[in-house]
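A structural walkthrough
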Amino acid sequence: MGAGALEALLSLLFPPRCPACGRYVETRGGWCHPCLHAAIRVRRLALTPMQRSVLAAAWTLGSYEGALRDLVRALKYQGRTEHLRAIAVFLRAASPALRRLLQEDGGARLPGARFDAAVAVPLHAARERQRGFNQTERIFASWLADEGLAMERLLVRVKETRPQYGLSREERARNLMNAFAPAAGAAIRGRRILLLDDIFTTGTTALHCAEVLRRAGAVQVAVLTLASGQNS
Ligand SMILES: [Zn+2]
């Protein structure tokens with residue numbers, strides 16, 4: 001059976017549904033129009049003075065709630081890579097609003113013109129082996145290809161850390177102390193880097209990654225996340 005026939009059979013057995021409300025949709029990974037537009041919440045994230053000293057900007061495409069949170073959790077903790085389609089559809093739909101924000105923030109409209117490389121927050125090698133993939137790389141892969149921006153592995157996570165969830169800001173900082181380092185032979189000096197993560201809560205992870213990149217000579221680091229738990 002060819003891929004097309006298999007797809008048709010799957011659609012017959014399991015008709016595609018909107019990940020937010022469960023209504024039937026035309027294509028696998030599709031959302032119904034109202035749910036997709038409700039999930040898009042492209043905005044700037046608030047940074048502390050210390051974060052502002054190393055991060056040029058922080059943007060999110062949605063809020064860490066509802067369908068977006070369910071999709072990310074299922075991807076990360078149950079390895080449900082079939083949800084990547086719905087996430088890719090979301091990213092594409094959120095893209096025009098992100099471009100407007102990039103322009104307002106004093107730069108080129110297109111991520112591929114504004115940055116030299118994209119870097120996903122790395123997982124520790126043991127965690128990545130266990131999960132089978134870095135979820136942030138998978139989340140942004142097709143969107144980056146559309147935007148003409150290359151994903152590069154410029155950072156490594158050298159320390160296995162506890163999950164940040166439920167820790168105070170101080171504990172988060174201590175947990176991540178010396179957790180990241182430049183990858184061997186990474187071209188960082190003189191480059192403008194878009195740091196990517198799946199979720200932005202207090203921004204401690206982004207801060208630590210950005211510090212390593214800036215120390216290694218990056219001229220600018222900004223962060224883009226799929227979803228944020230920061231209320232605004
Ligand atoms: Zn819906």
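Structure report, in brief. On a predicted model such as this, the values are computed, not experimentally measured, just so you know.

Conventions we followed
- Residues numbered from 1 in each chain as written.
- Predicted model: local features only at pLDDT ≥ 70, side-chain atom pairs only at ≥ 80, totals over all residues.
- Heavy atoms only, no water.
- Phe/Tyr/Trp six-rings, centres within 6.5 Å; stacked < 30°, edge-to-face > 60°.
- Helix = DSSP H or I, 4+ residues; strand = E, 2+ residues; numbered from the N terminus.
- Buried < 20%, exposed > 50% of the residue type's maximum accessible area, 1.4 Å probe, protein only.
- Donors = N, O, S within 2.8 Å, 3.2 Å for Na, K, Ca; no water.
- Tetrahedral: all angles 85-135°; square planar, octahedral: opposite > 155°, others 65-115°.
- 1 Å grid on protein atoms, 1.4 Å probe; cavity = no way out; pocket = protein on both sides within 12 Å on 5 of 7 lines; lining within 4 Å.
- Points joined across faces, edges and corners; volume = space filled by probe spheres on them.
- Nonpolar A, V, L, I, M, F, W, Y, C, P; charged D, E, K, R; others polar.
- Arc of directions from axis to C-beta.
- Contact = heavy atoms within 4.5 Å.
- Pairing = 2+ DSSP bridges.
- Axes fitted to C-alpha atoms, helices over the stretch in contact; angles between N-to-C directions.

1. Re the packing of aromatic side chains
Using the criterion set out here, one finds three aromatic pairs in the structure. Judged by centre distance (6.1 Å) and plane angle (35 degrees), the rings of Trp31 and Phe90 are tilted. Here Phe90 lies in helix α5 (residues 84-104) and Trp31 lies in the loop between α1 (3-13) and α2 (33-39), a separation of 59 residues in the sequence. Residue classification places Trp31 among the buried residues on the basis of a relative accessible area of 9%. According to the relative accessible area criterion, Phe90 is buried, its value standing at 0%. When the ring of Phe140 is compared with that of Trp143, the centres are 6.0 Å apart and the planes differ by 70 degrees; the resulting orientation is edge-to-face. Of this pair, Phe140 and Trp143 both sit in helix α8 (residues 135-147), three residues apart, which is roughly one turn of the helix. On the basis of relative accessible area, Trp143 is assigned to the buried category, the value being 3%.

2. Thoughts on the coordination of the zinc ion
Around the zinc ion, the donor atoms from the protein are Cys18 (SG), Cys21 (SG), Cys32 (SG) and Cys35 (SG), and they sit 2.3 Å away. Coordination at the zinc ion is tetrahedral: its four donor atoms span angles of 96 to 115 degrees at the metal. In primary sequence terms, the donor set of the zinc ion follows C-x2-C-x10-C-x2-C. Accessibility classification places Cys32 together with Cys35 in one group, the buried group.

3. Examining the layout of surface pockets
Considering only enclosed or pocket space, the largest pocket measures out at about 860 Å³ in volume. Along the wall of the largest pocket there are 33 residues; nearest its centre are Lys76, Tyr77, Gln164, Tyr165 and Ile199. By residue class, the composition of the lining of the largest pocket is ten nonpolar, eleven polar and twelve charged. The computed volume of the second largest pocket comes to approximately 290 Å³.

4. Structural notes on helix α9 (residues 169-176)
Of the residues making up α9, those classed as buried are Arg172, Asn175 and Leu176. Buried residues in α9, looked at end-on, bunch into an arc of 85 degrees, giving them a common side. Counted as exposed and oriented over 90 degrees from the buried face of α9: Glu170 and Arg174. On its buried face, α9 is in contact with β4 (155-157), β5 (180-182) and α10 (204-215). At the C-terminal side of α9, Asn178 shows a positive phi close to 55 degrees.

5. Things to note about the sheet that holds strand β2 (residues 58-63)
As summarised here, the arrangement of the five strands in space is β1-β2-β7-β6-β3, forming an open sheet in which the pairing is mixed. What marks the edges here is a single partner per strand, and that holds for β1 (40-44) and β3 (117-120). Strand after strand, the sheet turns through a mean of 20 degrees between neighbouring axes, direction not considered. With four bridges connecting them, β3 and strand β6 (residues 192-200) associate as parallel partners. In the strand pairing of β6, Ala118 is matched with Leu194. Its contacts with the sheet put α10 on β6 and β7 (220-228), and the angle it makes with β6 is roughly 160 degrees.

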